Amino acid sequence: MKPRIGITPSPSTDDLGYATFYRFALSDTYVRSVIAAGGIPVILPTIVEDVEESLHGLDGLILSGGGDIDPARFGDTDVHHNTYGIDDPRDQYEIAAYTIARQRDLPVLCICRGIQVMNVVVGGDLFQDVTDQIPNSIIHRQTELGKTRDDTSHTVTFESGENPVREIAGKDSIETNSYHHQSIRNVAPELRLAATTSDGVVEALWDPQMRFGIGVQWHPEMLAAHRPEHAAYFQALVTAAWLVTVP
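Residues numbered from 1 in each chain as written. Predicted model: local features only at pLDDT ≥ 70, side-chain atom pairs only at ≥ 80, totals over all residues. Heavy atoms only, no water.

Enquirer: Any chance you could break down a nonpolar patch on the surface for me, citing the residues and the numbers?
Expert: Nonpolar side chains collect at one region of the surface, where L16, Y18 and F21 lie side by side and expose about 330 Å² of accessible area between them. Residue class for L16 comes out partly exposed when judged on its relative accessible area of 33%. (Patch = residues over 30% accessible without salt bridge, like charges linked within 9 Å, V, L, I, M, F, W, Y side chains within 5 Å. Areas by Shrake-Rupley, 256 points an atom, 1.4 Å probe, with all protein chains shown as cover. Salt bridge = Lys/Arg side-chain N within 4 Å of Asp/Glu carboxyl O. Buried < 20%, exposed > 50% of the residue type's maximum accessible area, 1.4 Å probe, protein only.)

And the structure:
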């Protein structure tokens with residue numbers, strides 16, 4: 001059987017004219033990347049009361065991109081004026097989901113917001129705004145450079161030594177896209193730095209306590225259809241997840 005890969009969506013409150021709904025949305029690029037890698041995507045409503053049951057029967061997990069984590073969850077008493085999209089149910093669900101995945105050694109790929117959740121769960125913290133809080137930072141929202149979804153905008157350089165994030169890419173650096181305004185500040189003690197950009201911003205982490213626990217700050221799902229080095233992250237996740245299904 002093909003591995004079942006759970007993917008967290010982005011909640012939103014939408015006024016449709018005739019009624020207002022709290023809804024869950026997910027770009028099809030996540031879904032298509034999982035399918036292309038040989039997995040079955042399963043979209044996970046972020047309802048924390050059912051988090052353990054929702055993960056039951058899954059072989060892998062993707063924490064997707066989206067709005068910002070509540071700064072109180074990593075010890076900040078103030079909310080930066082550029083912090084947006086805070087959703088407490090999603091925070092609760094994804095924090096619980098990553099915690100359970102670590103306990104079960106369920107393979108996890110954490111993307112953009114996901115790497116930030118990964119770091120916060122294990123005791124790290126975040127810069128709430130790269131431009132404002134990191135001197136001499138490069139532009140990390142490529143739309144400001146006129147770049148489209150299919151473009152890359154900067155180079156990510158991998159750390160040497162044991163580094164599964166580098167091993168998956170098969171090279172010492174990689175061209176990536178960039179859509180974030182927050183980033184890792186202090187890497188959690190139990191995680192390992194895997195990659196940075198030229199301004200020192202953290203671009204990837206890995207969790208040595210898991211056989212597959214990887215976080216990337218860029219969006220490989222947007223590039224996977226035409227850049228094999230980005231599709232490789234989904235293939236590696238599905239391969240690790242497939243081993244879960246083998247008795």
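Enquirer: Give me the packing of aromatic side chains: which residues, what numbers.
Expert: Tallying each qualifying case throughout the model produces three aromatic pairs. Relative to F21, the ring of Y18 lies with its centre 5.9 Å away and its plane at 65°, an arrangement referred to as edge-to-face. With relative accessibility at 67%, the residue Y18 sits in the exposed group. Residues Y22 and F24 carry aromatic rings whose centres are separated by 5.6 Å and whose planes lie at 80° to one another, so their mutual orientation is edge-to-face. The ring of F127 is capped by R185, whose NZ or CZ atom sits 5.7 Å from the centre of that ring. (Phe/Tyr/Trp six-rings, centres within 6.5 Å; stacked < 30°, edge-to-face > 60°. Lys NZ or Arg CZ within 6 Å of the ring centre and 35° of its normal.)

Enquirer: Hey, could you go over the layout of surface pockets for me, with residue numbers and the actual values?
Expert: Approximately 270 Å³ is the volume found for the largest pocket. Here the lining of the largest pocket is composed, by residue class, of seven nonpolar, 13 polar and four charged. Elements that contribute at least two residues to the lining of the second largest pocket include exactly helix 1 (28–36), helix 7 (220–223) and helix 8 (228–245). Here the element with the most residues in the lining of the second largest pocket is helix 1; it accounts for five residues. Taken together, the residues of the lining of the second largest pocket sort by class into seven nonpolar, three polar and five charged. (1 Å grid on protein atoms, 1.4 Å probe; cavity = no way out; pocket = protein on both sides within 12 Å on 5 of 7 lines; lining within 4 Å. Points joined across faces, edges and corners; volume = space filled by probe spheres on them. Nonpolar A, V, L, I, M, F, W, Y, C, P; charged D, E, K, R; others polar. Helix = DSSP H or I, 4+ residues; strand = E, 2+ residues; numbered from the N terminus.)

Enquirer: Break down the environment of A37 for me, citing the residues and quoting the values.
Expert: Within the fold, A37 resides in the loop between helix 1 and strand 4 (40–43). Taking relative accessible area as the criterion, A37 reaches 17% and is therefore assigned buried. Along the sequence, A37 and F234 sit 197 residues apart, while their C-alpha atoms lie 5.9 Å from each other. Ignoring anything within four residues of it in the chain, the contact list for A37 reads F234, Q235 and V238. (Contact = heavy atoms within 4.5 Å.)

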